[in-house]
Amino acid sequence: MSIVLSIKNVDKTFGGLQALGDINLDIEEGKTHAIIGPNGAGKSTLLNCCIGRLIPDNGTVEFNGKNMIGMQPHDINHAGMVRVFQTPEIFPELTVLQNVLIPGFAKRDGIFKFNAFTSLASEKDIEADAMHILEDMGLIDQIHNSAGSMSRGDKRRLELAMGLVQHPTLLLLDEPTAGMARHDTNRTIDLLKTIKERGMTKIIIEHDMHVVFSLADTISVLAQGRIIATGTPDEIRGNPKVQEAYLGGAEL
Amino acid sequence: MDAIFLQILNGLDKGGAYALIALGLTLVFGTLGVVNFAHGALFMLGAFCAVTLQKILTISQKVRDESITFFEAYKEQPYLEIWFGDFGTKIIDWSVPISILLAIPIMLLIGLAMERGLIRHFYKRPHADQILVTFGLAIVLQEIIRSFFGANPIPTPAPDIVAGSAQIGVLLGLGESVVYPWWRIIYLLFSGLVIFLVFAFLQFTTFGMVVRAGMHDRETVGLLGIDVEHKFTIVFGIGAVVAGLAGVMYAPILPPDYHMGMDFLVLSFVVVVVGGMGSLGGAVAAGFLLGLLQSFASMNEIKAILPGIDQIIIYLVAVVIILVRPRGLMGRKGVMED
Amino acid sequence: MSMPSLRNDWVVMAIFAAAVLTAPIWLSPVGAGYPDLLQKFAIFGLFAIGFNILFGLTGYLSFGHAVFLGVGSYTAVWSFKLLTMNVLPAIALSILVAGIFAVVIGYLSLRRSGIYFSILTLAFAQMSYNLAYSVLTPITNGETGLQLTMQDARIFDEPTTSGLPSTELFGMSMSGYSGFYFCAVLLIIGFFISLRIFRSPFGLKLLAIKSNQTRMRYTGFNTKPYLLAAFIISGMYAGLAGSLMAVTDPLAGAERMQWTASGEVVLMTILGGVGTLIGPLLGAGIIKYFENIFSALNPGELHQIFSWLPDWLENIVVAISSEFVGDGWHMTLGLSFMLVVIFLPGGVIEGVGRAYTKIRTLLKSDEANESDESVLEPEPVLSAEKE
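Computed from a prediction, not measured in an experiment: that's the story for all the values here.

Along the backbone of chain B there are 15 helices and four strands. Compactness check: chain B gives a C-alpha radius of gyration of 22 Å against a globular reference of 20 Å for 338 residues, within 12% of the reference. For the C-alpha atoms alone, the extent of chain B along its principal axes is close to 75 × 50 × 35 Å. Out of the 338 residues belonging to chain B, those deemed buried represent 47%.

All right, on to the overall build of chain A then. Each helix and strand in chain A was counted, giving nine helices and 10 strands. Oriented by its inertia axes, the alpha-carbon framework of chain A measures out at about 60 × 40 × 35 Å. Residues counted as buried form 46% of the 252 residues belonging to chain A. The contacts in chain A between residues at least 6 apart in sequence include a share of 67% that link residues at least 24 apart.

Our focus in this paragraph is the interface of chain B and chain C. Opposite the 31 residues of chain B that make contact, chain C presents 33 residues. Residue assignment for the side of chain B that touches chain C shows that the elements contributing at least two residues are α6 (127–149), α12 (260–275) and α15 (309–324) of chain B. Of the residues forming the side of chain B that touches chain C, the biggest block, 12 residues, is contributed by α6 of chain B. Each residue belonging to the side of chain B that touches chain C can be placed in one class, and the counts come to 22 nonpolar, five polar and four charged.

What follows covers the pairing of strand β8 (residues 201–205) of chain A. Residue and element names in this part refer to chain A. Burial runs high along β8: five of the five residues are buried. Here β8 shows a buried face lined by T201, I203 and I205 and a second buried face lined by K202 and I204. Sheet topology note: the strand β3 (residues 32–36)/β8 ladder contains four bridges and is parallel. Along β8, the bridge assignment pairs T32 with K202. For the handedness criterion, the β-α-β arrangement of strand β7 (residues 170–174), helix α6 (residues 182–197) and β8 is classed as right-handed.

Take the interface of chain A and chain C next. Chain A puts 34 residues into the contact, and the matching count from chain C is 30 residues. The residue makeup of the side of chain A that touches chain C, split by class, is 18 nonpolar, 10 polar and six charged.

This part takes up the sheet that holds strand β4 (residues 58–63) of chain A. All names here are of chain A. With antiparallel pairing, four strands are arranged side by side in an open sheet as β2-β1-β4-β5. If you trace the sheet from one side to the other, it starts and ends with β2 (17–28) and β5 (66–67), each paired once. Sheet analysis places β4 next to β5, joined by two bridges and oriented antiparallel. Opposite E62, over in β5, you have N67 as the bridge partner. Against the sheet, helix α1 (residues 43–51) touches β1 (3–14), β2 and β4, its axis set at about 65° to β2.

Our next topic: the arrangement of the chains. No other pair of the two pairs of chains in contact has as many contacts as chains A and C. Across all C-alpha pairs, the smallest distance from chain A to chain B is 15 Å, and the two are not in contact.

Neighbouring strands of a sheet are bound in pairs by backbone hydrogen bonds; such pairs are parallel or else antiparallel. Residues and elements named next belong to chain A. Within the open sheet, the six strands sit side by side as β6-β7-β8-β3-β9-β10. Their pairing is mixed. Edge positions in the open sheet fall to β6 (81–84) and β10 (226–231), since each of these has one partner strand only. For this sheet, the mean inter-axis angle between neighbouring strands, taken without regard to orientation, is 20°.

With that out of the way, let us pick up the nonpolar core. The biggest cluster of nonpolar side chains holds 286 residues, and the ones touching the most others in it are V270 and A318 of chain B together with F47 of chain C. Ignoring anything within four residues of it in the chain, the contact list for V270 of chain B reads I314, Y315 and A318 of chain B together with I119 and A123 of chain C.

With that settled, the discussion passes to the environment of I104 of chain B. All names here are of chain B. Take I104: it is sitting in helix α5 (residues 95–117). Classification of I104 by C-beta neighbours within 10 Å gives partly exposed; the count is 16. Distance in space between the C-alpha atoms of I104 and P155 is 21 Å, their sequence separation being 51 residues.

Before going further, it helps to examine the environment of L164 of chain A. Residue and element names in this part refer to chain A. Tracing the backbone shows L164 in helix α5 (residues 152–164). Residue classification places L164 among the buried residues on the basis of 24 C-beta atoms within 10 Å. Apart from residues lying up to four places away in sequence, L164 is in contact with I133 and I195.

All names here are of chain A. Summarising the sheet, β1 and β4 pair through five bridges and their orientation is antiparallel. Each bridged residue has a counterpart across the sheet, and for L5 the counterpart in β4 is F63. Hairpin geometry of β4 and β5 is characterised by an intervening segment of two residues between the two adjacent antiparallel strands and by a positive phi of about 50° at N64.

This paragraph deals with the environment of G171 of chain C. Take G171 of chain C: it is sitting in the loop between β2 (168–169) and β3 (172–173). Residues G171 of chain C and G220 of chain C, spaced 49 residues apart in sequence, show a C-alpha to C-alpha distance of 52 Å.

Here the focus is helix α13 (residues 280–297) of chain B. In a regular helix each residue adds 1.5 Å, so 18 residues correspond to 26 Å; α13 of chain B covers 26 Å between its end C-alpha atoms and thus fits that length. Across the 18 residues of α13 of chain B, 14 count as buried, placing the element largely inside the fold.

Another point: α6 of chain B. Each α-helix winds once per 3.6 residues, and so residues spaced three or four apart point in a common direction. Between its first and last C-alpha atoms α6 of chain B spans 32 Å; for 23 residues at 1.5 Å apiece the expected length is 33 Å, and the two agree. Two residues or fewer past α6 of chain B, G150 of chain B is found with a positive phi of approximately 80°.

Moving on: the packing of helix α5 (residues 87–109) of chain C against helix α11 (residues 223–248) of chain C. Residue and element names in this part refer to chain C. Remark: α5 packs on α11, axes separated minimally by 7 Å, with the N-to-C direction vectors making an angle of 145°. Pair α5 / α11 crosses with right-handed handedness. Split by residue class, the contact of α5 with α11 holds 18 nonpolar, seven polar and no charged.

Let us now look at the packing of helix α3 (residues 96–109) of chain A against helix α9 (residues 201–211) of chain C. Two elements in contact, α3 of chain A and α9 of chain C, have axes separated by 10 Å at closest approach and are oriented at 110°. Classified by the interaxial angle, the pair formed by α3 of chain A and α9 of chain C is roughly perpendicular. By crossing handedness, the relation of α3 of chain A to α9 of chain C is classed as left-handed. The residues of α9 of chain C that touch α3 of chain A, namely those facing Q98, L101, I102 and F105 of chain A, are P201, L204, K205 and A208 of chain C. Residue composition of the contact of α3 of chain A with α9 of chain C, grouped by class: six nonpolar, one polar and one charged.

A word on unusual backbone geometry. Of note in the backbone geometry, N64 of chain A takes a positive phi value of approximately 50° without being a glycine. Looking at the element boundaries, N64 of chain A is found in the loop between β4 and β5. Non-glycine residue N141 of chain C carries a positive phi angle of around 60°. The topology assignment puts N141 of chain C in the loop between α7 (137–140) and β1 (146–147).

Calculation notes
Residues numbered from 1 in each chain as written. Chains lettered and ligands numbered in written order. Predicted model: local features only at pLDDT ≥ 70, side-chain atom pairs only at ≥ 80, totals over all residues. Helix = DSSP H or I, 4+ residues; strand = E, 2+ residues; numbered from the N terminus. Rg over C-alpha atoms; globule rule 2.2 N^0.38 Å. Buried ≥ 20, exposed ≤ 12 C-beta atoms within 10 Å, placed from the backbone. Contact = placed C-beta atoms within 7 Å. Nonpolar A, V, L, I, M, F, W, Y, C, P; charged D, E, K, R; others polar. Pairing = 2+ DSSP bridges. Right-handed = clockwise from strand over helix to strand, strands pointing away. Axes fitted to C-alpha atoms, helices over the stretch in contact; angles between N-to-C directions. Core = buried A, V, L, I, M, F, W, Y, C linked by C-beta atoms within 7 Å. Expected span 1.5 Å × (residues − 1). Left-handed = near helix turned anticlockwise from the far one by under 90°. Parallel < 35°, antiparallel > 145°, perpendicular 65-115°, else oblique.

Structure representation (structure tokens):
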């Protein structure tokens, strides 16, 4: 199995407070790798270091063998690493369909293309791809509604659709089911399982253990900015260190 | 050397006017979050308070002109002179300083009315809407003034006693050639006083403390059960008064006309941005800084090296500051960056 | 509809072109059917349409767009002075030079957003305006304004002996109706380009930048070139409008660059409806039309208009309304500006849309038991295009 993403010796401090300390992590191709940990453990900071929102103080983030540190967010996106945001970062004034067309255009047009004289109506391929993914997400009835007026759960799924339409090599999911009702969560799990069968590599940050254990191949546990354990779900479940640090001794 | 000294004085009193206008503008922005394009109009209204009082005081009666004996000649004599003699003449002479007393309540009322009637409904609207509606209001206000007072500048002289120039050269040992108009010196001192009063008010009163806290974090102060909105209405009134006072005192320097507000508005926005949106100290510092730069740029020696620099210096500084230091000299992080 | 059909575009263009070319006929009942005013509609319409490509699609509010108008005028007049009285080189050069100015000003101003962007554009405009009045007098002829003279070189034209030449298009003089039709053709082209941009992937991306610029960066776009492209396009529209001003009247003055001129185009766009296709053109037309009527009225004419009122009432009405006409036109402008922003933030287009929905619901309740929906279908561009 080849390594898609390799995080080496990453440190990050905020005003003397260490958010991440010496993080080393390898993500294998085709696997779903979950990162769990209590609030404030540094999970989001780690994701932000991967996609260029934050620059770590030390260390490298290698994606397909190329160092991503210091690269612009849009270049990282085109390298094939795409993030799905925790709080929906959508285009509220645009329609649902348009929200998914935009990342589709990004994938095809690159960081800039002056296609001011082609008609949207002639973009059949991009539209078909978007419609296909919206159908998967169960949003097909809403394509002409404005995205800002959707329910929170639907926005989360739209957000996911916007990530998926770019067919990334690596998808970073920041709590994809937070704030969703139970049946929405189950539906999202099913969706993510389908994607997994297609062979997309994923990193998931998640609180909901139900989601983590239904999806993850590998789990890393982050506590106080450090990785205290990495292993298969079964290994993690049985790891006393994890139970103590993270779960306060509770049964998983 | 003398020339430089005079330019410093020139720059300071120009800067005084900029600082006063920008102070009100940034106060309103920092507290209410409103971009007020009608602020220049408030300055103009202040200047017209002085004009109005002068007009009222000089309401005249036609009387026989005794000095002409060949035929029956008439001249206009203000009622004040007829009633009070020399004392009346004195009052007319002092109309500009007296109009400060008139301007304070009037500008306060205008400010309160503006906030209650219009600005209040635009707190939650986008900045573009605020700019547009206040821009419309500014046009309306200046057109009202034009229809009452006409389009020509109206000379509004300072009291006789300070009409001449001060021999500051002699005072400071720089030679007799260094003279400077009294009224401009007074303007500089006056602007310093007003700035001091505003800062003292915000620093040492409970009201000021709440306002400063509100500028910093409006929501938290609101949660403490303090009626911030109400206080901010008064802040708007204060901003209007400060702009109005700047206008009253400026009347002898620049005879007021209806579009003087617009002329100063663009400048004062530049001052506010250079100082940092919502920063009071920044507005004052930037006001004086830009005043000084402008008066140095208009020296012949400098113009010989950089032709036209006097015309663009202020805007040039603004561009450089915004590009290099987007928060301005003293702006807070995150204010209006998007 | 997010995916408008191509055929729809052509229908819209056909209707639009027909409406513009027949404007002298259908605008004459309201007293606007003469070339001078119609030209103004077309020129300011182009200015506003271009401005809307920046403000309407990206949300960046430029307060210095009049620079490009002024630059366009100066370039055109210089082309008339040095090259030829033919309007085509003048227009091409004006668009080019305005575009170059837009590259420089846009590149710098777009490093900031929000009110900082507005102030930067305003600062550049004021600098250009002040310089045009002072040290650039050799190029701009200062306060007098740049004009044609008998000594002009005009290297491609035969020397003239009798008076100043007039602008022409291959021998066709650009005055009267031929001037208007020339502007009208350019307006139709300008509108067509704007329509294509609005309905292109590029236009959609601009809208997305307006909606959530941060997200665009993480979606894989470099937003700066997009914004700059929109800025340059809208600057070129302004340059075109400026050159057309010189075509219809070959002189150029610095007051065209003043910030009040920049404010005027903002006003036109807002009044008509920001981000709509036809709104800015409507706004420009409405403002220029009423400016023309209102500023020409005087109290004497007002007395005639209101002569049907009883005398005492007539005097009061005339006294009040005379504040709003003639020189008072600006008062009307400022007031209507406020009213639109307060009550109708979407501009006239939104007003029409609201009225239409109201009428439809009224009609519906009337016809509820009569027949199925046979009510008028909405005009495709006019109402459905809001953002």
